[in-house]
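# Remarks on the overall topology
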Amino acid sequence: MTTVLIVESNPPAYAQEAFLFQTALAWIDPGTEMRVACPHETLLTPEMLDGADGVIFTGSSVDWGVDTPEGAPLWAAMEMVFAGGLPTYGSCNGMQLAACVLGGATAASPNGRERGLARGVTLTEAGLAHPFLAGRRQGYGVPCIHSHEVTALPEGAVLLAGNAHSQVQGFVYEKNGVSFWGVQYHPEVPPAHMAEVLIRAGETDAAMIADLEVAETDTGAAIRLGATPEDLVPATRLTELRNWVAHIRV
């Protein structure tokens, strides 16, 4: 049995990301054992890592950046996980946090907020060869929402994917006892759920919301969003997470 610790990156009042990962992991492998930690509520301790085969750091709905004082509990949690040598996956805020903890940098994107789907995500030569993105086609679309991005990769990190909005859409860092795989987007989020997230965030593009609600089955809606229905059904959308789970089983 594979055991995964999911680190919820939101404070308790906003906590929702861990549930999405629980649902996604259950779809990938119903036998996966899952535990959830929320460092904003209770600081992570070494005992919480006992028995874990890998750790996921979720995205976050908060306004502060990963390198601010408010982000200190998450920063400390990731440092502890890396020190313990546990394979780690990060999505959105989780990837940005890893970039900073490992010596890189993040900032608000000059292109504004990327929301709905990340369009035209292109694999680098390294991305084409790395098992993390095995099964992804060039130019894929995938749910996303973020206003910050990685502006400098840590020394030794390998860029796997990017698009016109954000140069760093995926990277890995595999050295000095650290195994981190991360993406800027949200494979764990169904398009219809992304529509709900955007509505709560005050999104005014009604056409985009309507397309997200049906994109898994409506070819026209998926194409308008910059994807194909095949990109967005779980079998493809969960590619990165499925590949990471296979990686931690080895």
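You'll find the structure just up there.
A quick note: this is a predicted structure, and the numbers were derived from the prediction, not measured. (Residues numbered from 1 in each chain as written. Predicted model: local features only at pLDDT ≥ 70, side-chain atom pairs only at ≥ 80, totals over all residues. Heavy atoms only, no water.)

Further remarks concern the nonpolar core. Core analysis: the biggest nonpolar cluster contains 29 residues, and Leu5, Val55, Phe57, Phe82, Phe171 and Phe180 have the highest contact counts within it. Among the secondary structure elements, those contributing two or more residues to this core are β1 (3–7), β3 (54–57), α2 (72–83), α3 (93–101), β10 (170–175) and β11 (178–183). With 6 residues, α3 is the single largest residue contributor to this core. Excluding residues within four positions of it along the chain, Val55 makes contact with Leu5, Val7, Leu49, Val81, Leu86, Pro87, Thr88, Tyr89 and Trp244. (Core = buried A, V, L, I, M, F, W, Y, C linked by side-chain atoms within 4.5 Å. Buried < 20%, exposed > 50% of the residue type's maximum accessible area, 1.4 Å probe, protein only. Helix = DSSP H or I, 4+ residues; strand = E, 2+ residues; numbered from the N terminus. Contact = heavy atoms within 4.5 Å.)

With that out of the way, let us pick up the packing of aromatic side chains. The full count for this structure, using the stated rule, is 7 aromatic pairs. An angle of 90° between the planes, with centres 6.0 Å apart, marks the rings of Tyr89 and Phe132 as edge-to-face. In this pair, Tyr89 sits in strand β4 (residues 88–91) while Phe132 sits in the loop between α4 (125–129) and β7 (140–146), placing the two residues 43 residues apart along the sequence. Tyr89 gets classed as buried once you look at its relative accessible area, which sits at 0%. Given a relative accessible area of 0%, Phe132 falls into the buried group. Among the aromatic side chains, those forming a connected cluster through ring pairs are Phe21, Tyr89, Phe132, Trp181 and Trp244. It is Arg136 that lies over the ring of Tyr140; its NZ or CZ is 4.4 Å from the centre. (Phe/Tyr/Trp six-rings, centres within 6.5 Å; stacked < 30°, edge-to-face > 60°. Lys NZ or Arg CZ within 6 Å of the ring centre and 35° of its normal.)

The next point concerns the sheet that holds strand β9 (residues 158–162). Read across the sheet, 9 strands follow the order β2-β1-β3-β4-β11-β10-β9-β6-β7 without closing on themselves; strand pairing throughout is mixed. Of all the strands in the sheet, the pair left with one neighbour each is β2 (33–37) and β7. Each strand axis lies, on average, 25° off the axis of its neighbour in the sheet, ignoring direction. Relative to β3, β1 runs parallel, the two sharing 4 bridges. What sits directly across from Ile6, in β3, is Ile56. Sitting on the sheet, helix α5 (residues 191–200) is in contact with β6 (114–123) and β7, with an inclination near 25° to β7. (Pairing = 2+ DSSP bridges. Axes fitted to C-alpha atoms, helices over the stretch in contact; angles between N-to-C directions.)

This part takes up unusual backbone geometry. Note on backbone geometry: most residues besides glycine have negative phi, and most peptide bonds are trans. For Cys92, which is not a glycine, the phi torsion comes out positive at approximately 60°. Mapped onto the elements of the fold, Cys92 is located in the loop between β4 and α3. One non-glycine residue, Asn176, lies in the positive phi region at around 55°. Residue placement: Asn176 occurs in the loop between β10 and β11.

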